Amino acid sequence: MNDRDIMENLLLTTKGVCDLYMHGTIESSTANVHQAFNTALNNSLCMQDSIYKEMSVRGWYTTEQAQQQKIAQVKQKFSAQG
(Lines give C-alpha, C1' and ligand atoms only; values in the text may rest on other atoms or scores of the structure.)
Protein backbone atom coordinates (compact mmCIF):
# COMPACT_ATOMS: atom_id res chain seq x y z
CA MET A 1 0.00 0.00 0.00
CA ASN A 2 1.49 3.36 -1.03
CA ASP A 3 1.08 6.83 0.53
CA ARG A 4 -1.73 7.76 -1.83
CA ASP A 5 -3.76 4.66 -0.91
CA ILE A 6 -3.24 5.37 2.78
CA MET A 7 -4.36 8.99 2.39
CA GLU A 8 -7.43 7.93 0.38
CA ASN A 9 -8.36 5.45 3.10
CA LEU A 10 -7.86 8.11 5.77
CA LEU A 11 -10.05 10.54 3.85
CA LEU A 12 -12.83 7.99 3.36
CA THR A 13 -12.70 6.91 6.99
CA THR A 14 -12.76 10.50 8.21
CA LYS A 15 -15.75 11.27 5.99
CA GLY A 16 -17.55 8.28 7.49
CA VAL A 17 -16.73 9.44 11.01
CA CYS A 18 -18.08 12.91 10.16
CA ASP A 19 -21.32 11.31 8.99
CA LEU A 20 -21.68 9.36 12.23
CA TYR A 21 -20.94 12.40 14.40
CA MET A 22 -23.43 14.48 12.40
CA HIS A 23 -26.17 11.94 13.05
CA GLY A 24 -25.16 11.77 16.71
CA THR A 25 -25.46 15.54 16.93
CA ILE A 26 -28.87 15.57 15.26
CA GLU A 27 -30.26 12.69 17.31
CA SER A 28 -28.80 13.62 20.72
CA SER A 29 -31.34 13.96 23.49
CA THR A 30 -29.50 16.28 25.87
CA ALA A 31 -27.48 19.45 25.50
CA ASN A 32 -24.33 17.80 26.89
CA VAL A 33 -24.50 14.90 24.44
CA HIS A 34 -25.31 17.30 21.59
CA GLN A 35 -22.29 19.45 22.44
CA ALA A 36 -19.98 16.42 22.70
CA PHE A 37 -21.01 15.16 19.26
CA ASN A 38 -20.88 18.66 17.78
CA THR A 39 -17.34 19.20 19.08
CA ALA A 40 -16.25 15.81 17.74
CA LEU A 41 -17.89 16.63 14.39
CA ASN A 42 -16.10 19.96 14.09
CA ASN A 43 -12.75 18.36 14.97
CA SER A 44 -13.33 15.64 12.39
CA LEU A 45 -14.31 18.16 9.72
CA CYS A 46 -11.05 20.04 10.36
CA MET A 47 -9.14 16.76 10.06
CA GLN A 48 -10.95 15.90 6.82
CA ASP A 49 -10.10 19.32 5.42
CA SER A 50 -6.43 18.90 6.31
CA ILE A 51 -6.27 15.49 4.65
CA TYR A 52 -8.03 16.83 1.54
CA LYS A 53 -5.66 19.81 1.30
CA GLU A 54 -2.59 17.58 1.62
CA MET A 55 -3.90 15.24 -1.07
CA SER A 56 -4.69 18.21 -3.30
CA VAL A 57 -1.18 19.65 -2.87
CA ARG A 58 0.26 16.30 -3.93
CA GLY A 59 -2.05 16.13 -6.96
CA TRP A 60 -3.90 13.09 -5.59
CA TYR A 61 -7.30 14.76 -5.31
CA THR A 62 -8.13 16.99 -8.21
CA THR A 63 -11.33 18.90 -8.81
CA GLU A 64 -12.71 20.40 -11.97
CA GLN A 65 -13.98 23.94 -12.21
CA ALA A 66 -17.74 23.95 -12.83
CA GLN A 67 -18.91 25.69 -15.98
CA GLN A 68 -20.90 28.86 -15.28
CA GLN A 69 -23.67 27.66 -17.61
CA LYS A 70 -24.13 24.46 -15.57
CA ILE A 71 -24.20 26.45 -12.32
CA ALA A 72 -26.87 28.76 -13.77
CA GLN A 73 -28.96 25.76 -14.87
CA VAL A 74 -28.86 24.20 -11.41
CA LYS A 75 -29.74 27.52 -9.75
CA GLN A 76 -32.66 27.96 -12.10
CA LYS A 77 -33.87 24.42 -11.51
CA PHE A 78 -33.90 24.73 -7.74
CA SER A 79 -35.24 28.28 -7.62
CA ALA A 80 -38.18 27.13 -9.77
CA GLN A 81 -38.97 24.34 -7.28
CA GLY A 82 -39.20 26.72 -4.29
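Give me the lowdown on the side chain of Ser 28, citing residues and values where you can.
By the secondary structure assignment, Ser 28 is in the loop between α1 (3-27) and α2 (31-57). Polar side-chain contacts of Ser 28 include one of 3.3 Å to the side chain of His 34. For Ser 28, the residues in contact, after removing those within four places along its chain, are Val 33 and His 34.

Describe the nonpolar core, naming the residues involved and giving the relevant values.
Core analysis: the biggest nonpolar cluster contains 5 residues, these being Met 7, Leu 11, Ile 51, Met 55 and Trp 60. Put simply, the parts of the chain that give this core at least two residues each are α1 and α2. Apart from the residues lying within four places of it in its own chain, the contact partners of Trp 60 are Asp 3, Arg 4, Met 7 and Met 55.

Outline the environment of Leu 12, listing residues and values.
Of note, Leu 12 is situated in helix α1. Relative accessible area serves as the criterion here: at 59%, Leu 12 is assigned to the exposed category. As a C-alpha pair, Leu 12 and Glu 54 span 42 residues in sequence and 14 Å in three-dimensional space.

The rules behind the values
- Residues numbered from 1 in each chain as written.
- Predicted model: local features only at pLDDT ≥ 70, side-chain atom pairs only at ≥ 80, totals over all residues.
- Heavy atoms only, no water.
- Helix = DSSP H or I, 4+ residues; strand = E, 2+ residues; numbered from the N terminus.
- Polar contact = N/O pair within 3.5 Å; in protein donor to acceptor, adjacent residues only side chain to side chain.
- Contact = heavy atoms within 4.5 Å.
- Core = buried A, V, L, I, M, F, W, Y, C linked by side-chain atoms within 4.5 Å.
- Buried < 20%, exposed > 50% of the residue type's maximum accessible area, 1.4 Å probe, protein only.

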